[in-house]
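One-letter residues, chain by chain:
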Amino acid sequence: MDVRDTVPAWTALKRHSKAEDIAGIVGLPVETVGRELAQAVATARAIMHNDRYALTPLADVALRSRYSLHYGNLRENAAFVQSYEAFERVNVALKQVITDWQTMTVGGKKVANDHSDADYDAGIIDRLGAIHEQVEPIIKRLAAQLPRLAIFGKKLLAALEAAEDGDHEWVSDIRRESYHTAWFELHEDLLRIMGRERQE
Amino acid sequence: MKKLPIDSARYQRPVASPLVEATLGLVREKIRDAWQASGQGWNEFAMRGNDALVTGEMMADIEARILASGHRFDWSASISAQERPDIYKPADGAAGDSENFMFAHPEAQTADADERGWALRGVGDNVVRHAKDVTGVARYIRSNERVLSYLTEGVPAGTIAVIDDSGGTLTAPIIDQFAGVICAGGTVRSHLGILTREYNIPCLMNARITGIRDGDTVMIEATAPAKTAEDYQNNVERTGRVWLKGDI
């Protein structure tokens, strides 16, 4: 991918993000990214609100149509496809862990987890740690074929460690790069690379 | 993966129109796939003739993918919009959703209005139990125009979003402004379920509703028990209800 596709690709993955956020990930000067985004807004390929950007639907269709050009070889790479499928299996478990983080059973009924039961929360964070142990080697194998994916391993580990250190917002808060946020972006990235659609 | 000769022409700006870029991108994607599958050299493959290279079926699929993104075409002859209203922007030029559109699920449970004037219009899977039911104005979120206008102008207070899909793709940037969400797809573990729980917004997934139009006042039974993973495994029907405010 060149700058013309990496900037929109990350605008699509990190929804509603600022030019400096995207520049930080793609490792380009913020001026370059800002210029690309301004051009995208001027040609109806992106919209901007409060300095945050989102791709327009047609720009996303065009971007996705070029993924087979950039990543067609990975779709035929058995090692990559196997690792991707392993990720999908762990993804099912991750969604259950996040759901259990957000809810708990009280008197036989599921209610929102108000995070007043430290033992319950610690149990979930342990399960999140177990999920991470499963996904870490998968990300390593994916990154062996596509090195840029390694950044997700770092983001997930940083979020997990912050949660383990007691700042529980790092589990699933949507406004930061929480474990769930980084996971969702990795999943979205992999779906696009593989040319597949999200199941639910 | 094979590259078309034109795929290497990178030193040009994208074409002026995003619609043209998307269409060309999809055509090239399909030609690459067909070339790859043919096992032929480029000259041999490309000289088969235009009718063999780009088929009607291929173009129908490209149109479907463009429409699936939420795009609707501009029309120049009104007969076009009359014949295929689903693929064109509304004839009156209004952005987005038809006032008369409504989900009409064949299995929706319904009942006449009770003594308070609330008529049952269906059920869905509650993502988490809340202390109170929530009342608001149903607004279908089915077009990108509507999402973009909410994104730039804000979501009207008390909006209960009625959504087709569960990926949360379209609505993620504005989700925290909804009073409630009714989603026709997914499960309580879907991405949209996770997002709404995170924002403490009442939400029913896998909703089977009928007879609710844009602008109607509706109530979600957010106090209903949440559906659990075990419920899905054991096919236990555990739902929250959706009511429409009718005339008493």
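Located above this text is the structure these notes cover.
Residues numbered from 1 in each chain as written. Chains lettered and ligands numbered in written order. Predicted model: local features only at pLDDT ≥ 70, side-chain atom pairs only at ≥ 80, totals over all residues. Heavy atoms only, no water.

Regarding the pattern of salt bridges
- On inspection of all chains with the given rule, the structure shows 24 salt bridges over all chains.
- The residue lysine 14 of chain A makes a salt bridge to glutamate 177 of chain A at a minimum N-O spacing of 2.7 Å. Separated by 163 residues along the polypeptide, lysine 14 of chain A in the loop between α1 (3-13) and β1 (17-18) and glutamate 177 of chain A in the loop between α9 (169-172) and α10 (179-194) bring together distant segments of the chain.
- For lysine 14 of chain A, a relative accessible area of 10% corresponds to the buried category.
- The exposure class assigned to glutamate 177 of chain A is partly exposed, which follows from its relative accessible area of 28%.
- Among the charged side chains, a network of salt bridges with common partners joins Asp5, Arg45 and Arg66 of chain A together with Glu21 of chain B. (Salt bridge = Lys/Arg side-chain N within 4 Å of Asp/Glu carboxyl O. Helix = DSSP H or I, 4+ residues; strand = E, 2+ residues; numbered from the N terminus. Buried < 20%, exposed > 50% of the residue type's maximum accessible area, 1.4 Å probe, protein only.)

Things to note about a negative patch on the surface
- Among the surface-exposed residues, Asp126, Glu161, Glu164 and Asp165 of chain A lie close enough to one another that they form a single negatively charged patch.
- You can see aspartate 126 of chain A is positioned in helix α7 (residues 118-145). (Patch = residues over 30% accessible without salt bridge, like charges linked within 9 Å, V, L, I, M, F, W, Y side chains within 5 Å. Areas by Shrake-Rupley, 256 points an atom, 1.4 Å probe, with all protein chains shown as cover. Lys, Arg positive; Asp, Glu negative; His and termini not counted. Charge placed at Lys NZ, Arg CZ, Asp CG, Glu CD.)

Here we look at the sheet that holds β1 of chain A
Residues and elements named next belong to chain A.
- Reading across from one edge, β1-β3-β2 is the order of the three strands in this open sheet, with antiparallel pairing throughout. A single partner strand is all that each edge strand has here, and the edge strands are β1 and β2 (46-49).
- Bridge analysis of β2 against strand β3 (residues 52-55) gives four bridges, and the strand direction is antiparallel. Bridge pairing in β3 places histidine 49 opposite arginine 52. (Pairing = 2+ DSSP bridges.)

What to know about the packing of aromatic side chains
- Evaluation of the coordinates by the stated rule reveals eight aromatic pairs over all chains.
- Three or more aromatic residues link up through ring pairs in this structure, and these residues are Phe87, Tyr179 and Trp183 of chain A.
- Stacked on the ring of tyrosine 232 of chain B, the Lys or Arg lysine 227 of chain B has its end atom at 4.6 Å from the ring centre. (Phe/Tyr/Trp six-rings, centres within 6.5 Å; stacked < 30°, edge-to-face > 60°. Lys NZ or Arg CZ within 6 Å of the ring centre and 35° of its normal.)

Comments concerning the pairing of strand β5 (residues 109-112) of chain A
Residues and elements named next belong to chain A.
- By the bridge criterion, four bridges tie strand β4 (residues 103-106) to β5 in an arrangement that is antiparallel. Within β5, the position partnered with methionine 104 by the bridge is valine 111.
- Linking two consecutive strands that pair antiparallel, namely β4 and β5, is a turn of two residues; a positive phi of about 55° is found at glycine 107 within it.

Take it as geometry only, folks, not as evidence of what the structure does.
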